[in-house]
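So you can see what is in the structure, the chains are spelled out below.
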Amino acid sequence: MLTEVLIVGAGNMGGALARGLAHTGGFKVRIHDVHAARAADLAKTGGFEAVSELRDLASVLPKKGALALCVKPQDLAAVSAQLKDKIPKECLVITILAGVTTGDVEAALNFPGGVVRAMPNIAATVHAAATAMCANGACSEEQKILAEKIFLAIGTADWTKESLLDAVTGLSGSGPAYFYMIIEALTDGGVKMGIPRALAAKLATQTALGAAMLVKETGTHPATLREQVTTPGGTTIHAIHELEDRGLRAMLISAVETATKRSAKLRKKS
């Protein structure tokens, strides 16, 4: 029997989630967006169903599946106006709205059931997201398993406390941008030393991907892997000394800290 998932919001994240679930199988996926044509086009290419009108959402809410809110935080009021008091209590509500707590969603929807708040990142569009999740007190173990299956369709999925989601935003939510800058800088370094830009970009990108895969697949601490390519008096130790001298490690730690504080500030404003 297929598990029903209704996704509200056909942007990058909503679209990625719909495609991931359709590709994984075992799910009956419906998607809605305020721009009906966007949802319809996505549905045609993804093999799932589009719900064109917001007022029609209540009639297709899953009884025991999941409702995934993938809209912008400022759009929650418009969506909740249509769904308030209409969501079956057995339905799992999933939210990826930045800065919106599980309590906020409960109140907006007047919903007493299970709510999971998740923070995926942009790599969801290539099914390589790093997602951290938290659940409210009403969420059952069965619903937690369902939430995990849903986000495993677009990458990795791990549980954490809701109080840590600002830090998650600072690390993995904003993190892709840090790595884009590193890849860009390595590419420019290669160009400076005479490598054609296209080749430099390819080498830098594959090097970043390969390094990450080694950490993930072997489970080896990054410092140990770094030591394995650092020979006495060699090129790598000279480069590492330069990076340490210019504060790369401290800058990245500070970047996560700064983004975390900003996320908390934006949450309080909302």
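Residues numbered from 1 in each chain as written. Predicted model: local features only at pLDDT ≥ 70, side-chain atom pairs only at ≥ 80, totals over all residues. Heavy atoms only, no water.

Q: How would you explain the overall build of the protein if you had to name every residue and give the values?
A: Looking only at helices and strands, the protein features 11 helices and 8 strands. In terms of overall dimensions, the protein has C-alpha extents of about 70 × 40 × 30 Å along its principal axes. Long-range pairs, those at least 24 residues apart, make up 59% of the contacts in the protein between residues at least 6 apart in sequence. As presented, the protein carries roughly 15200 Å² of accessible surface, and 59% of it is formed by carbon and sulfur atoms. Of the charged side chains in the protein, 29 are positive and 25 negative, and the gap between their average positions amounts to 3 Å. (Helix = DSSP H or I, 4+ residues; strand = E, 2+ residues; numbered from the N terminus. Contact = heavy atoms within 4.5 Å. Areas by Shrake-Rupley, 256 points an atom, 1.4 Å probe, with all protein chains shown as cover. Lys, Arg positive; Asp, Glu negative; His and termini not counted. Charge placed at Lys NZ, Arg CZ, Asp CG, Glu CD.)

Q: Give a detailed account of the pairing of strand β8 (residues 155-159), specifying residues and quantitative values.
A: By the bridge criterion, 5 bridges tie strand β7 (residues 129-135) to β8 in an arrangement that is parallel. Its bridge partner lying in β8, Ala-129 is registered against Gly-155. Between the parallel elements β7 and β8, the chain passes through helix α5 (residues 141-152) in a crossover that is right-handed. (Pairing = 2+ DSSP bridges. Right-handed = clockwise from strand over helix to strand, strands pointing away.)

Q: Break down the nonpolar core for me, with residues and values.
A: Formed by 33 residues in total, the largest nonpolar core has its most connected members in Ile-7, Leu-17, Leu-21, Ile-94, Ile-150 and Phe-151. The contacts of Ile-7, once residues within four sequence positions are left out, are Gly-14, Leu-17, Ala-18, Leu-21, Val-29, Arg-30, Ile-31, His-32, Ala-68 and Cys-70. Counting residues in each nonpolar core, the second largest holds 22 residues, with Leu-6, Val-8, Leu-57 and Cys-91 among its members. (Core = buried A, V, L, I, M, F, W, Y, C linked by side-chain atoms within 4.5 Å. Buried < 20%, exposed > 50% of the residue type's maximum accessible area, 1.4 Å probe, protein only.)

Q: Could you give an account of the sheet that holds strand β6 (residues 115-119), with specific residues and numbers?
A: What the 8 strands build is an open sheet, ordered β3-β2-β1-β4-β5-β6-β7-β8; its pairing is mixed. Every interior strand has two partners, whereas the edge strands, β3 (49-51) and β8, have only one. Looking at each pair of strands side by side, their axes are set apart by 25° on average, direction ignored. Relative to β7, β6 runs antiparallel, the two sharing 4 bridges. Within β7, the position partnered with Met-119 by the bridge is Ala-132. (Axes fitted to C-alpha atoms, helices over the stretch in contact; angles between N-to-C directions.)

Q: A description of the layout of surface pockets should follow, citing residues and the corresponding values.
A: Taken as a whole, the second largest pocket encloses approximately 920 Å³ of empty space. Considering the residues around the second largest pocket, the lining is formed by 40 residues, among which Cys-70, Val-71, Lys-72, Pro-73 and Asp-75 are closest to the centre. At 5 residues, the largest contribution of residues to the lining of the second largest pocket is made by helix α11 (residues 248-269). Of the residues assigned to the lining of the second largest pocket, the class counts are 18 nonpolar, 13 polar and 9 charged. (1 Å grid on protein atoms, 1.4 Å probe; cavity = no way out; pocket = protein on both sides within 12 Å on 5 of 7 lines; lining within 4 Å. Points joined across faces, edges and corners; volume = space filled by probe spheres on them. Nonpolar A, V, L, I, M, F, W, Y, C, P; charged D, E, K, R; others polar.)

Q: Which residues make up the pattern of salt bridges, and what values do they have?
A: Applying the stated criterion across every chain, the model contains 10 salt bridges. Glu-162 is the salt-bridge partner of Arg-117, the closest N and O atoms lying 3.0 Å from each other. Of this pair, Arg-117 sits in strand β6 while Glu-162 sits in the loop between β8 and α6 (165-173), and the two are 45 residues apart along the sequence. Judged by its relative accessible area of 5%, Arg-117 falls in the buried class. Assessed through its relative accessible area of 26%, Glu-162 is described here as partly exposed. Linking Asp-188 and Arg-197 is a salt bridge whose minimum nitrogen-to-oxygen distance equals 3.0 Å. Under the relative-accessibility criterion, Asp-188 is labelled partly exposed at 34%. (Salt bridge = Lys/Arg side-chain N within 4 Å of Asp/Glu carboxyl O.)

Q: Explain the packing of α6 against helix α7 (residues 175-192) to me, using residue names and the numbers behind them.
A: Two elements in contact, α6 and α7, have axes separated by 5 Å at closest approach and are oriented at 25°. Here α7 runs roughly parallel to α6, going by the angle between their axes. Only Gly-175, Pro-176 and Tyr-178 of α7 make contact with α6, whose side of the interface consists of Gly-170, Leu-171, Ser-172 and Gly-173. Each residue belonging to the contact of α6 with α7 can be placed in one class, and the counts come to 3 nonpolar, 4 polar and no charged. (Parallel < 35°, antiparallel > 145°, perpendicular 65-115°, else oblique.)

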